[in-house]
Amino acid sequence: MAHVETKAAVIRAPLLCTLKEVTMRKANRLRPYLVLFLTAWFCLSTASSEARTKVKPGFNFFSAQQDIEMGREAAQEAEKQLNLLNDPSAVNYVNQLGKKLAAKSMNPNYPWTFKVVNDSAINAFALPGGFIYVNRGALEAADNEAQISGVIAHEIGHVVARHGTNQMSKALLPQLGLAALGGLTAGKGGWTATLAQLGIPLGLNMYFLKNSRAAEAQADLLGTQEMTDAGYDPSQLAHFFEKLEQGGSGGKVSGAASWFSDHPSPENRVASIDKEISTLSVAKNPVVDTPDFDHLRSHLKSLPPAPKPKPAPAAGSKDTPADTASGGASPAVAVPSGKYASYSPQENLYVVEYPADWEVMSADGSGATFVPKGGIQQINQQNDIVYGIQVSFSQGEVVAGQKDPLGGMTSQLIASILQGNSYLQENRAAQQKINVGGRQVLLSRLEGKSPLRNEIEVVWVATQLYGEGQLFTVLCIAPQIRFKDFEPAFKHTIESVRFRN
Ligand code: ZN
């Protein structure tokens with residue numbers, strides 16, 4: 001199905017709201033304790049209870065723990081391409097400085113790791129979960145320890161504000177829909193394999209490397225706070241960026257273009273940093289330079305020069321294994337083996353069996369997507385589920401006195417699916433009622449020629465009532481030409497659904 005996103009967003013949003021309300025109710029119960037705790041904290045730390053900017057991480061479908069998992073894998077991938085500087089004294093210096101700054105960040109408990117890239121371009125980047133790389137060029141361009149602290153603290157800011165996975169969430173939302181994205185978890189091959197299926201190379205990808213101006217402004221503020229709290233002179237952060245922006249002056253900043261291609265300057269950068277500094281308790285004699293930094297600088301000079309900067313890897317240039325079709329025939333996807341695995345969501349609302357040789361591509365409290373190898377094709381930058389099963393809840397409109405709520409809500413659901421996938425049509429004559437474990441299930445059939453693949457696609461929509469005004473839906477998708485091969489697995493999945501109460 002081409003426009004999975006429309007369908008998913010329309011269908012699943014209501015349940016997500018319900019879950020969110022539950023969470024909020026829990027949060028309200030906790031509030032009195034929170035107030036007590038905050039009061040105590042303010043009393044203890046009056047000296048630093050300034051009106052510093054509170055940066056809240058943005059919209060994100062991943063957990064902080066998943067940031068760490070993903071970042072760790074991304075770091076492994078990235079290091080296959082990076083030319084690391086394996087010089088113990090330079091690496092120790094950056095690692096110690098980084099850890100000192102990270103200890104003052106919003107999340108000191110990430111597995112903070114700092115490495116030096118033997119690249120003369122002035123740059124640094126951060127992967128989710130605390131894996132930070134500082135180019136040798138940045139160390140060489142800084143005038144003092146406070147300036148390089150500013151660069152590292154800025155990168156730490158990107159990590160704790162979770163900019164990488166925030167950008168990835170925003171980019172994936174229209175492709176996958178709320179529920180699918182909400183529960184995206186790493187499959188067998190880890191995040192590398194899961195994201196590759198979605199057309200995202202995990203290592204040096206644009207979501208992790210290229211930041212928005214808004215993200216830059218946040219990283220500046222957080223960086224300013226961290227370096228101040230670690231005892232450094234925060235004005236050096238602004239000085240360093242000013243120096244880079246002025247380009248060429250002093251001859252030392254020729255490699256600065258690299259920094260700005262990944263970290264675009266926010267508006268009024270220096271003024272914003274200065275404003276933030278005015279809210280902070282800066283140490284009486286803040287650290288600017290140290291003997292360690294001077295030692296590092298002369299040590300770097302004694303090493304062979306860094307190789308010329310490599311051109312940046314083209315983001316998203318790696319094709320997914322499924323990204324081979326240019327439209328037309330379905331890829332050779334294997335017929336399900338006939339063995340089944342069972343899946344139950346975190347909230348444990350139901351259990352369903354799906355083909356054991358398929359992957360659980362995404363799953364959360366409300367839904368899940370199961371796909372065979374090669375079941376997703378990326379065509380024209382869109383992920384198209386060619387073969388797959390999606391289970392989800394949706395909220396229907398309850399009409400008082402409605403004689404056939406299942407039929408009514410199913411019609412609403414089908415209308416929203418057709419709206420998002422205009423090439424599909426409902427085959428009314430094919431609709432049938434079946435009995436599953438004593439409950440009534442309505443099986444509807446949609447079909448139509450997929451404009452992306454130029455072949456006829458069939459979608460089964462199996463719906464049943466759940467609780468008040470909710471519909472539990474199993475969508476089964478396959479090309480018409482092979483639908484018969486997949487029917488037994490689809491039937492098995494539909495008939496295996498059991499609710500937990
Ligand atoms: Zn940045």
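See the structure shown above.
Below you will find a few notes about this structure. Position numbers for residues start from 1 in each chain and track the written sequence from start to end. Confidence filtering applies because this is a predicted model: local features only for residues at pLDDT of at least 70, side-chain atom pairs given and counted only at 80 or more, and all residues used for totals across whole chains, interfaces and linings. In computing side-chain properties, one takes all heavy atoms of the structure into account and sets aside hydrogens as well as water.

1. Let's talk about the overall build of the chain
This is how it is decided: Numbering goes from the N terminus for both helices and strands, where a helix is a DSSP run of H or I of at least four residues and a strand is a run of E of at least two. A 1.4 Å probe and the Shrake-Rupley method give the accessible areas. Residues count as covered only by the protein chains that appear here.
Each helix and strand counted, the chain has 16 helices and 16 strands in total. Within the structure as shown, the chain displays about 22400 Å² of accessible surface, and the carbon and sulfur contribution to it stands at 55%.

2. Points about the side chain of Arg445
What counts, and what does not: A contact between two residues is defined here by any heavy atoms of the two lying within 4.5 Å.
Within the secondary structure layout, Arg445 lies in strand 13 (residues 439–450). Excluding its chain neighbours within four sequence positions, the residues that come into contact with Arg445 are Gln425, Glu426, Asn427, Ala430, Val458, Val459, Trp460 and Phe483.

3. Digging into the pairing of strand 2 (residues 124–127)
What counts here: Only protein chains enter the calculation, and the probe is 1.4 Å; a residue is then buried if its accessible area is under 20% of its type maximum, exposed if over 50%, and partly exposed in between. When DSSP finds at least two bridges between two strands, those strands are taken to pair.
The alternating pattern of strand 2 places Ala124 and Ala126 on one face and Phe125 and Leu127 on the opposite face, and all of these are buried. Here strand 2 folds back onto strand 3 (residues 131–135) in antiparallel fashion, the turn holding three residues, of which Gly129 has a positive phi close to 85 degrees.

4. What about helix 5 (residues 145–160)?
Inclusion rule: What a helix is expected to span follows from its residue count: subtract one and scale by 1.5 Å. Under this definition, polar contacts are N or O atom pairs within 3.5 Å; protein pairs additionally need one hydrogen-donor-capable and one acceptor-capable atom, and for neighbouring residues in sequence, both atoms have to be side-chain atoms.
Given a rise of 1.5 Å per residue, 16 residues ought to cover 22 Å, and the 22 Å separating the end C-alpha atoms of helix 5 matches this to within 8%. Where burial is concerned, most of helix 5 is hidden: 16 out of the 16 residues are buried. Sitting at the amino-terminal end of helix 5 is Asn144, which places a side-chain oxygen 3.2 Å from the backbone nitrogen of Ala146. Arg162, located one to two residues past helix 5, shows a positive phi value of around 55 degrees.

5. Observations regarding empty space enclosed by the protein
The cut-off we apply is this: Only protein atoms enter the 1 Å grid, on which a cavity is a set of points fitting a 1.4 Å probe that cannot get out and a pocket is an open set with protein on both sides within 12 Å along at least 5 of 7 lines, lining residues being those with an atom within 4 Å of a point. Grid points are joined across faces, edges and corners, and a volume is the space filled by probe spheres set on the points. Any residue that is not Ala, Val, Leu, Ile, Met, Phe, Trp, Tyr, Cys, Pro, Asp, Glu, Lys or Arg is counted as polar, Gly included; the first ten are nonpolar and the last four charged.
Considering all chains together, one arrives at two cavities of 30 Å³ or more under this definition. Mapped onto the lining of the largest cavity, the elements with two or more residues apiece are strand 2, helix 5, helix 6 (163–176) and helix 9 (206–209). Taken together, the residues that form the lining of the largest cavity break down as seven nonpolar, five polar and two charged.

6. Some details on the packing of helix 10 (residues 213–229) against helix 13 (residues 269–278)
What counts is decided by this rule: Axes here refer to lines fitted to C-alpha atoms; in helices the fit is confined to the stretch in contact. Angles between the N-to-C directions go from 0 to 180 degrees. The crossing is said to be left-handed when, going from far helix to near helix, the turn is anticlockwise and less than a right angle, and right-handed when the turn is clockwise.
Relative orientation of the contacting elements helix 10 and helix 13 amounts to 35 degrees, with a least axis distance of 10 Å. As for the relative orientation of helix 10 and helix 13, their crossing is right-handed in sense. In this structure, helix 10 contributes Glu216, Asp220, Leu221, Thr224 and Gln225 to the contact, and helix 13 contributes Arg269, Ser272, Ile273, Glu276 and Ile277.

7. Some remarks on helix 13
Residues separated by three or four positions in an α-helix point in the same direction, a consequence of the helix having 3.6 residues per turn. Heads up, the condition is: This arc describes the spread of directions from the helix axis toward the C-beta atoms.
Those residues of helix 13 that fall on the buried side of the exposure criterion are Arg269, Ile273, Glu276 and Ile277. The buried residues of helix 13 occupy one face: seen down the axis, they fall within an arc of 105 degrees. In this structure, helix 13 carries Lys275 and Ser278 as exposed residues pointing more than 90 degrees from its buried face. Buried-residue contacts for helix 13 involve helix 5, helix 10, helix 11 (235–245) and helix 12 (257–262).

8. Looking at the environment of Lys301
For Lys301, the location among the structural elements is in helix 14 (residues 291–302). Taking the C-alpha atoms as reference, Lys301 lies 8.7 Å from Glu140; in sequence the two are 161 residues apart.

9. Some remarks on the sheet that holds strand 5 (residues 350–355)
Here we have three strands laid out as an open sheet, ordered 4-5-16, and antiparallel in their pairing. At either end of the open sheet lies a strand with only one pairing partner, and these are strand 4 (340–343) and strand 16 (498–499). Here strand 4 pairs with strand 5 via four bridges, running antiparallel. The residue bridging Tyr340 from the neighbouring strand is Pro355, located in strand 5. The strands that helix 16 (residues 480–496) touches are strand 4, strand 5 and strand 16; relative to strand 5, the one it contacts most, it runs at about 170 degrees.

10. A short note on the pattern of salt bridges
The condition is simple: Salt bridges, as used here, are contacts in which a Lys or Arg side-chain nitrogen is within 4 Å of a carboxyl oxygen on Asp or Glu.
Under the criterion given, the structure shown has 14 salt bridges. Asp67 is the salt-bridge partner of Arg162, the closest N and O atoms lying 2.9 Å from each other. Residue Arg162 is found in the loop between helix 5 and helix 6, and its partner Asp67 is found in helix 2 (residues 64–81); the two are separated by 95 residues along the sequence. With respect to burial, Arg162 and Asp67 carry one shared label: buried.

Take it as geometry only, folks, not as evidence of what the structure does.
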